[in-house]
Amino acid sequence: MKVAYFSPMPPERSGIADYSALLLPALHRRLDVEVVKHGDLRGGRDADIALYHVGNSPDAHGWIVEALRQRPGVVVLHEFVLHHLVAGLTLGRKDGEGYLGAMQREAGVAGRLLAHGVLDGIVPPLWEIRPEDFPLAGEVLEHAAKTGLIVHSRYVGRRALASGYEGPMWRIPHPAWPPPSVEPAEVTGTPVIGSFGNVNASKRVPQLLDAFARFREDHPAARLLLVGASSPGFDLDERLRGLELEGVQREDYVDEPRLWALMAACDAIAVLRAPTMGETSGSAIRALSLGVPLVVSDVGWFAELPDDVALKVPVDAHETDTLARALELAATEPANTAMRAAALAYVAREHALERVADLYAAALEEAVGGGAVRDAVLGEIADAAADVGIGADDPEAAELARRLGEVGLAG
Amino acid sequence: MRIAVCSPQVPFAHGGAEVLAERLTEELQARGHEAALVTVPFKWYPGQRVLTQAFLWRMVDLDEVDGRPVDLVIGTKFPSYVVRHPNKVVWLVHQFRQAYELDGTELGQFGDDPVDRATRRAIHRLDRTALGEARARYTISRNVAERLERTLGLDAEVVLPPPQDLDFRCDEYGDFILSVNRLDRAKRIDLLLDAVAGDPAAHVVIAGEGPDRERLEQIAHDHGLDGRARFAGRVDQAELADLYARCLAVYYAPVDEDYGMVPYEAFLSQKPVVTTTDAGGPLDVVSDRRTGLVVEPRTDSVAGAVRFLREHPDDARSWGQAGKEVAEQVTWDHAIDRLLHGSGQ
């Protein structure tokens with residue numbers, strides 16, 4: 001079976017590009033996969049099915065949505081909130097009416113009026129201030145319903161269903177990188193807490209700094225690694241001065257080998273964010289692959305991680321207190337050793353690359369041939385029922401339908 | 001308790017899985033339970049027929065019969081475990097292997113076209129539901145348990161089924177190697193015939209019937225084994241017990257067999273077993289140079305094993321006796337105790 005594979009790919013700087021680079025070799029061992037070149041909307045025309053990886057970046061995924069509009073296929077929804085993507089596909093192409101229509105589809109007349117405010121410049125760009133309130137995933141879900149939707153979390157699955165999605169859906173975990181043989185980076189201080197990714201407010205960095213300050217009162221040699229680019233408008237240095245906080249080591253964007261080395265040096269890694277866009281986290285998966293315990297915000301996919309591999313911090317009035325206690329627990333004994341073992345076992349069981357590739361192959365095979373199988377099964381059963389006088393409106397027919405549904409054979 | 005033992009029926013065929021279900025029913029009755037064997041004919045081809053036929057079990061209502069509740073349902077071989085019941089346990093004999101590890105091999109059933117691929121996935125989905133909803137899962141061997149875990153992520157306890165009641169005895173360590181099998185390719189009787197072809201002193205007796213008989217007889221003929229290879233066909237219990245009693249050893253080397261009662265029957269007759277490293281279930285009990293010989297699945301290796309046993313009858317005897325001690329641990333008391341324990345009764 002041939003699959004046309006639409007995704008950002010390295011050297012594009014994108015978590016989904018990294019994801020596909022990891023997944024493709026395993027997928028190639030199971031299926032005939034053609035990776036479509038960026039921008040080639042008609043690529044893979046002879047494939048049995050197309051697979052579209054959709055995220056929130058218009059640069060990385062705009063062309064993929066355009067390809068999806070032309071040809072149905074299975075959509076991998078890497079995050080539920082696609083406001084930035086839709087804004088790029090509409091306003092970014094001077095298609096104001098397209099944006100108005102998307103907002104109206106999402107939130108009715110009120111949504112359209114709000115969008116007018118954005119166009120007129122009297123409302124700040126919604127994709128910057130509150131995209132989670134207007135995910136604008138409707139068009140992508142509508143296309144996905146024709147063939148199928150792959151999600152990485154129950155959270156996104158529930159959001160899709162709540163939006164009215166009724167097509168086939170599969171939940172497939174994010175694959176884990178086989179941990180490279182890496183020497184931990186030399187980091188002065190102990191314990192070492194890591195945070196990897198853009199440094200900004202939505203990544204709860206202010207709360208993390210406060211919590212680390214408290215953690216350091218009991219652990220004066222502790223080190224906080226803040227690795228990632230600072231978002232514009234987020235003045236980290238000023239915050240550190242205000243807290244009189246020492247023990248923070250900054251590194252900007254790092255390459256893959258350095259990333260692994262720094263992660264391996266950590267006793268615990270904080271992966272915090274609120275609000276969630278429905279994303280999974282490559283940083284969290286990498287950390288688990290190394291057996292490093294996690295401290296996460298209790299939202300979205302992160303909330304679904306087992307309690308013995310990730311301590312959950314609710315985003316509420318007590319967030320900083322809870323975060324400080326969670327860092328204490330995760331980074332020190334006896335919990336640290338137990339969480340390390342649990343993390344390795346969990347990622348091997350749930351996120352193993354070969355298992356994820358198997359699940360992808362199963363989903364794609366079902367997407368291509370499942371309809372014909374269901375038709376054949378239902379047809380044979382319907383014929384047999386009709387032979388003995390069971391009509392479509394008879395209660396016996398309803399029972400047949402119910403039993404078929406129980407075992408996944410119904411439409 | 002009122003217990004329904006569920007087993008599919010392939011008309012005109014009667015093999016190990018059928019024997020197991022019948023014996024289980026009898027043994028439950030012998031222990032004072034009201035037990036009945038419930039069967040539905042099963043055909044797995046062509047195309048999606050495997051699904052519609054499996055679905056028949058889903059419509060079977062065993063909640064109560066004649067106004068009296070059925071306390072427990074025991075599913076065994078695919079697709080009998082698709083049956084619904086609030087107190088269902090599964091003693092798994094087989095999943096539908098053509099959809100799993102036999103897929104893509106010459107023993108598989110599904111091609112590469114999208115509908116075949118999707119049919120296979122539908123079987124996986126069906127299994128995940130039907131096996132997942134059981135109160136408890138048991139398997140007839142470690143092989144089956146590991147496959148279940150590997151393919152569907154479902155755990156199960158191994159409960160070995162005891163072999164059939166025969167007049168097990170040891171009369172002599174004779175001059176022939178016995179094979180007891182349904183005659184199909186997966187049982188790999190051709191490997192035995194190839195192995196003895198070059199050994200003029202080797203004799204084999206092949207008991208059983210099946211679709212591969214004609215090919216095997218041709219192989220024997222081509223090797224010039226007429227007189228040294230006897231096809232006994234389907235034998236009755238008395239004759240089977242007699243063959244076990246008189247043979248030198250028993251050959252049992254199917255490809256990745258899920259269980260196989262034959263090694264246990266051989267052991268109860270105090271005979272060692274020759275098997276191969278890829279035989280699956282038999283490796284649970286056949287230990288190399290303890291209860292038999294475990295060799296590579298190659299003609300020369302099997303030939304070497306046959307020759308060794310002929311030249312070392314004392315080893316054959318001691319390994320067979322060791323096997324008897326192993327086989328005597330596998331009892332119906334234990335099996336039924338575990339099955340009822342899983343039911344919560």
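Analysis parameters
- Counting restarts for each chain: residues are numbered from 1 in the order of the written sequence.
- Note on labels: chains are lettered from A, ligands numbered from 1, in written order.
- Thresholds applied to this predicted model are a pLDDT of at least 70 for local features of residues and 80 or more for the giving and counting of side-chain atom pairs; totals over whole chains, interfaces and linings are not thresholded and use all residues.
- Strands here are runs of E lasting at least two residues and helices are runs of H or I lasting at least four, both read from the DSSP assignment and numbered beginning at the N terminus.
- In this scheme the burial state of a residue depends on its C-beta neighbours within 10 Å: 20 or more other such atoms mean buried, 12 or fewer mean exposed, and anything in between means partly exposed; the C-beta positions come from the backbone.
- Whether two residues are in contact depends on their C-beta atoms, placed from the backbone: they are in contact if these lie within 7 Å.
- For two strands to count as paired, DSSP must find a minimum of two bridges between them.
- We call a crossover right-handed when, viewed with both strands directed away from the observer, the connection leading from the first strand over the helix to the second proceeds clockwise.
- These domain boundaries are the output of an automatic or database domain assignment.
- Following the grouping adopted for this structure description, the nonpolar residues are Ala, Val, Leu, Ile, Met, Phe, Trp, Tyr, Cys and Pro, the charged ones are Asp, Glu, Lys and Arg, and the polar ones are all others, Gly among them.
- Only C-alpha atoms enter the line fits that serve as axes; for helices the fit covers just the stretch in contact. Angles between N-to-C directions range over 0 to 180 degrees.
- In these notes the angle categories are as follows: under 35 degrees is roughly parallel, over 145 is roughly antiparallel, 65 to 115 is roughly perpendicular, and the rest is oblique.
- Values of pLDDT, which run from 0 to 100, indicate the predictor's confidence residue by residue.
- Expected helix span is computed as 1.5 Å times (number of residues minus one).
- The arc in question is the one spanned by the directions pointing from the helix axis to the C-beta atoms.

**Student:** So what exactly am I meant to see when it comes to the overall build of chain A here?
**Tutor:** Per the secondary structure count, chain A includes 15 helices and 12 strands. Dimensions of chain A along its principal axes, counting C-alpha atoms only, are 80 × 55 × 40 Å. For chain A, the residues scored as buried account for 47% of the 411 residues in total. Across chain A, contacts joining residues at least 24 apart in sequence account for 70% of those joining residues at least 6 apart.

**Student:** I keep staring at the pairing of strand β10 (residues 203–207) of chain B and nothing clicks. Help me out?
**Tutor:** It is a general feature of regular strands that their side chains alternate between the two faces of the sheet. Residues and elements named next belong to chain B. Across the 5 residues of β10, 4 count as buried, placing the element largely inside the fold. Pairing analysis gives 5 bridges linking strand β9 (residues 176–180) to β10, with the strands arranged parallel. Looking at the pairing, Val-180 lines up with Ala-207 of β10. Tracing the backbone out of β9, into helix α5 (residues 189–197) and back to the parallel element β10 gives a crossover that is right-handed. Pairing analysis gives 4 bridges linking β10 to strand β11 (residues 229–233), with the strands arranged parallel.

**Student:** I'm lost on the domain arrangement of chain A in this one. Help?
**Tutor:** All names here are of chain A. Here chain A is described as being made up of domain 1 (2–171) and domain 2 (192–350). Once you take the C-alpha centre of each, domain 1 and domain 2 turn out to be 28 Å apart. Contributions of two or more residues to the side of domain 1 that touches domain 2 are made by α1 (15–28) and α7 (154–162). Sorting elements by how many residues they give to the side of domain 1 that touches domain 2 places α7 first, with 4 residues.

**Student:** Can you walk me through the domain arrangement of chain B in this structure?
**Tutor:** By a frequent convention, interface size equals the accessible area lost on bringing the separate parts together. Residues and elements named next belong to chain B. On domain assignment, one finds that chain B holds domain 1 (2–162 + 331–343) and domain 2 (176–327). Using only C-alpha atoms to locate each centre, domain 1 and domain 2 end up separated by 28 Å. Taken together, the contact between domain 1 and domain 2 spans 12 residues of the former and 10 residues of the latter. Considering every element that reaches the side of domain 1 that touches domain 2, the biggest residue donor is helix α4 (residues 142–152), with 3 residues. Looking at the side of domain 1 that touches domain 2, its residues break down into 5 nonpolar, 5 polar and 2 charged.

**Student:** Which parts of the structure should I look at to understand the packing of helix α12 (residues 319–331) of chain A against helix α13 (residues 335–350) of chain A?
**Tutor:** Two quantities define a packed helix pair, namely the angle between the axes and the distance from one axis to the other. Residue and element names in this part refer to chain A. Across the interface, α12 lies against α13 with an axial gap of 6 Å and an inter-helix angle of 75°. With respect to their mutual orientation, α12 and α13 come out roughly perpendicular. In this structure, α12 contributes Leu-329, Ala-330 and Ala-331 to the contact, and α13 contributes Ala-335, Asn-336 and Met-339.

**Student:** Just to check I follow, could you spell out the sheet that holds strand β3 (residues 49–54) of chain A for this structure?
**Tutor:** Working definition: the strands of a sheet are paired by backbone hydrogen bonds and lie parallel or antiparallel to each other. Residue and element names in this part refer to chain A. Taken in spatial order, the 6 strands line up as β2-β1-β3-β4-β5-β6 in an open sheet, and their pairing is parallel. A single partner strand is all that each edge strand has here, and the edge strands are β2 (32–35) and β6 (169–171). Recorded for the sheet is a direction-independent mean angle of 20° between the axes of neighbouring strands. Pairing geometry for strand β1 (residues 2–6) and β2, over 4 bridges, is parallel. When the bridges of β2 are listed, Val-3 appears paired with Val-33. Across the sheet, α1 touches β2 and β3, and the angle it forms with β2 is around 150°.

**Student:** In this structure, what is going on with the confidence of the model for chain B? I would like to understand it.
**Tutor:** As a note on interpretation, predicted positions should not be read in detail where pLDDT is low. With 100% of its residues at a pLDDT of at least 70, chain B reaches an overall mean of 94. ipTM for the predicted complex: 0.80, alongside a pTM of 0.84.

**Student:** When you look at the interface of chain B and chain A in this model, what are you seeing that I'm missing?
**Tutor:** Taken together, the contact pairs 19 residues of chain B with 20 residues of chain A. Of all the secondary-structure elements, those providing two or more residues to the side of chain B that touches chain A are α2 (49–58) and α3 (114–132) of chain B. A per-element tally of the side of chain B that touches chain A places α3 of chain B first, with 11 residues. Looking at the side of chain B that touches chain A, its residues break down into 10 nonpolar, 5 polar and 4 charged.

**Student:** Explanation requested: helix α10 (residues 313–327) of chain B in the structure shown.
**Tutor:** Residues and elements named next belong to chain B. Its 15 residues give α10 an end-to-end C-alpha distance of 21 Å, which sits within 8% of 21 Å, the value for a rise of 1.5 Å per residue. Three or more residues of α10 are buried, namely Ala-316, Trp-319, Gly-320, Gly-323 and Ala-327. Considered in projection along α10, the buried side chains sweep an arc of 105° and stay on one side of the axis. Relative to its buried face, α10 has exposed residues pointing more than 90 degrees away, namely Asp-314 and Glu-325. Its buried side turned inward, α10 meets β12 (249–251), α8 (262–268), β13 (273–276), β14 (292–295) and α9 (299–311).

**Student:** Help me out: how do you make sense of the environment of Ile-193 of chain A in this one?
**Tutor:** Residues and elements named next belong to chain A. Tracing the backbone through its elements, the reader meets Ile-193 in strand β7 (residues 192–196). In this structure Ile-193 comes out as buried when scored by C-beta crowding, with 27 C-beta atoms within 10 Å. Taking the C-alpha atoms as reference points, Ile-193 and Phe-212, 19 residues apart in sequence, are found 8.5 Å from one another. If we ignore the near neighbours within four places in the chain, the residues touching Ile-193 are Phe-212, Ala-222, Leu-224, Cys-266, Asp-267, Ala-268, Ala-270, Leu-327 and Ala-331.

**Student:** Can you help me understand the sheet that holds strand β8 (residues 157–158) of chain B in this one?
**Tutor:** All names here are of chain B. The strand order across the open sheet built from 6 strands is β2-β1-β5-β6-β7-β8, with neighbouring strands paired in parallel fashion. A single partner strand is all that each edge strand has here, and the edge strands are β2 (34–41) and β8. Direction of pairing for strand β1 (residues 2–9) relative to β2: parallel, over a ladder of 8 bridges. The residue bridging Ile-3 from the neighbouring strand is Ala-35, located in β2.

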